[in-house]
Amino acid sequence: MILYNIPPSGNCHKIRLMLSFLKIKYENHDLNLAVSEQTSNEYLKINQFGQAPVLDDNGTVIRDSQAILVYLAKKYGGEQWWPDDSYLLAQIMSWLSTTANEIQNGPARLRLHYKFGTEIDFKHATDTSNKVLDIINIHLSDKLWLVGSEATIADIALYPYLALAHEAHIDMTLYKHIQAWRIRFESLPKYLAMPGIFNNQ
Ligand SMILES: N[C@@H](CCC(=O)N[C@@H](CS)C(=O)NCC(=O)O)C(=O)O
């Protein structure tokens, strides 16, 4: 199995976490952004969007962090990571959608701006971020995990950009239920950090 990876990417970190939780060994391929490897002809054959993460599981190639989480959960995860119950699965998928939309367009975009200098629609990113963080915080006020009684790929999908929110200049002390969830998540066996997560909390 090969993971096409960008080290500071929260999207890639979802997959690094999932592979660690599942104790799957893999070969890591860091994309060389300095030479725009992500837009090289060779890489565009792997992912025409020119993005990471991509997982190559013995010739089965999957792009998009949410899709890769689903693939790994279903193929290698068992009942905890891919529950049989339709409603549980639907709830997990709803949080994967939230990650791909509101988290990506809110906290992740703000981080892109502050950490990497990308120009963004600041008001839209801030409004999106405030709204989604409030919703998640209230959702977690009476729950240990986003869905059901154990960590699922919904938690993995949300974790990196919430844990990196200080790099987006977001004051996470406002969201105490997210902070408590974050500590629970970081106590899971085989949890893996990434640079930035434990700086300046
Ligand atoms: N929807 C995709 C988004 C992937 C994405 O935006 N990847 C970024 C890193 S976080 C990337 O590859 N950026 C390189 C570029 O766009 O040049 C996913 O969830 O995997």
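Rules behind the numbers
Residues numbered from 1 in each chain as written. Predicted model: local features only at pLDDT ≥ 70, side-chain atom pairs only at ≥ 80, totals over all residues. Heavy atoms only, no water. Pairing = 2+ DSSP bridges. Helix = DSSP H or I, 4+ residues; strand = E, 2+ residues; numbered from the N terminus. Right-handed = clockwise from strand over helix to strand, strands pointing away. Axes fitted to C-alpha atoms, helices over the stretch in contact; angles between N-to-C directions. Contact = heavy atoms within 4.5 Å. Salt bridge = Lys/Arg side-chain N within 4 Å of Asp/Glu carboxyl O. Buried < 20%, exposed > 50% of the residue type's maximum accessible area, 1.4 Å probe, protein only. Domains from an automatic or database assignment. Buried area = accessible area lost by both parts, 1.4 Å probe.

*Asks:* What should I look at first to understand the pairing of strand E2 (residues 27–30) in this one?
*Replies:* Looking down a regular strand, the side chains alternate between one sheet face and the other. Bridge count for strand E1 (residues 2–5) against E2 is four bridges, and the pairing is parallel. Note that in E2 the partner of asparagine 5 across the bridge is aspartate 30. You can see the chain leave E1, run along helix H1 (residues 10–21) and come back into E2, and the turn it takes is right-handed.

*Asks:* Help me out: how do you make sense of unusual backbone geometry in this one?
*Replies:* The residue after alanine 52, namely proline 53, is reached through a cis peptide bond having omega 10 degrees. For proline 53, the position within the fold is in the loop between helix H2 (41–46) and strand E3 (54–57). For serine 36, which is not glycine, the phi torsion reads 50 degrees and is therefore positive. Along the chain, the position of serine 36 falls in the loop between E2 and H2.

*Asks:* What exactly am I supposed to notice about the sheet that holds E3 here?
*Replies:* Strands pair in a sheet through their backbones, by hydrogen bonds, and they do so in one of two ways: parallel or antiparallel. Judged by pairing direction, the sheet is mixed, and its four strands sit side by side in the order E2-E1-E3-E4 without closing on themselves. Edge positions in the open sheet fall to E2 and strand E4 (60–63), since each of these has one partner strand only. Strand-to-strand, the axes of this sheet are offset by a mean angle of 15 degrees, without reference to chain direction. Of the strands in this sheet, E1 and E3 are in contact with H1, which crosses E1 at around 150 degrees.

*Asks:* Whenever I open this one, the pattern of salt bridges confuses me. Can you help?
*Replies:* A full pass over the atoms with the stated rule returns six salt bridges. Among the salt bridges present, the one from aspartate 142 reaches lysine 143, with a minimum N-O distance of 2.9 Å. The partner of arginine 182 in a salt bridge is glutamate 186, and the shortest N-O contact between them spans 2.6 Å. In this pair, arginine 182 and glutamate 186 are both assigned in helix H8 (residues 176–186), four residues apart and thus about one turn of the helix distant. On the basis of relative accessible area, glutamate 186 is assigned to the buried category, the value being 18%. When salt bridges that share partners are traced, they join Arg111, Lys115 and Glu167 into one network.

*Asks:* How should the domain arrangement of the protein chain be read in this particular structure?
*Replies:* The domain architecture assigned to the protein chain consists of domain 1 (2–78) and domain 2 (83–186). Look at where the C-alpha atoms of domain 1 and domain 2 centre, and you get two points 20 Å apart. At the junction of the two partners, domain 1 supplies 13 residues and domain 2 supplies 15 residues. Counting each side, the surface lost to burial between domain 1 and domain 2 is near 1,100 Å², with a carbon and sulfur contribution of 75%. When residues of domain 1 are sorted by the area they lose upon contact with domain 2, Pro8, Lys14 and Gln66 head the list and together hold 36% of the total. At the junction of domain 1 with domain 2, the criterion picks out zero salt bridges.

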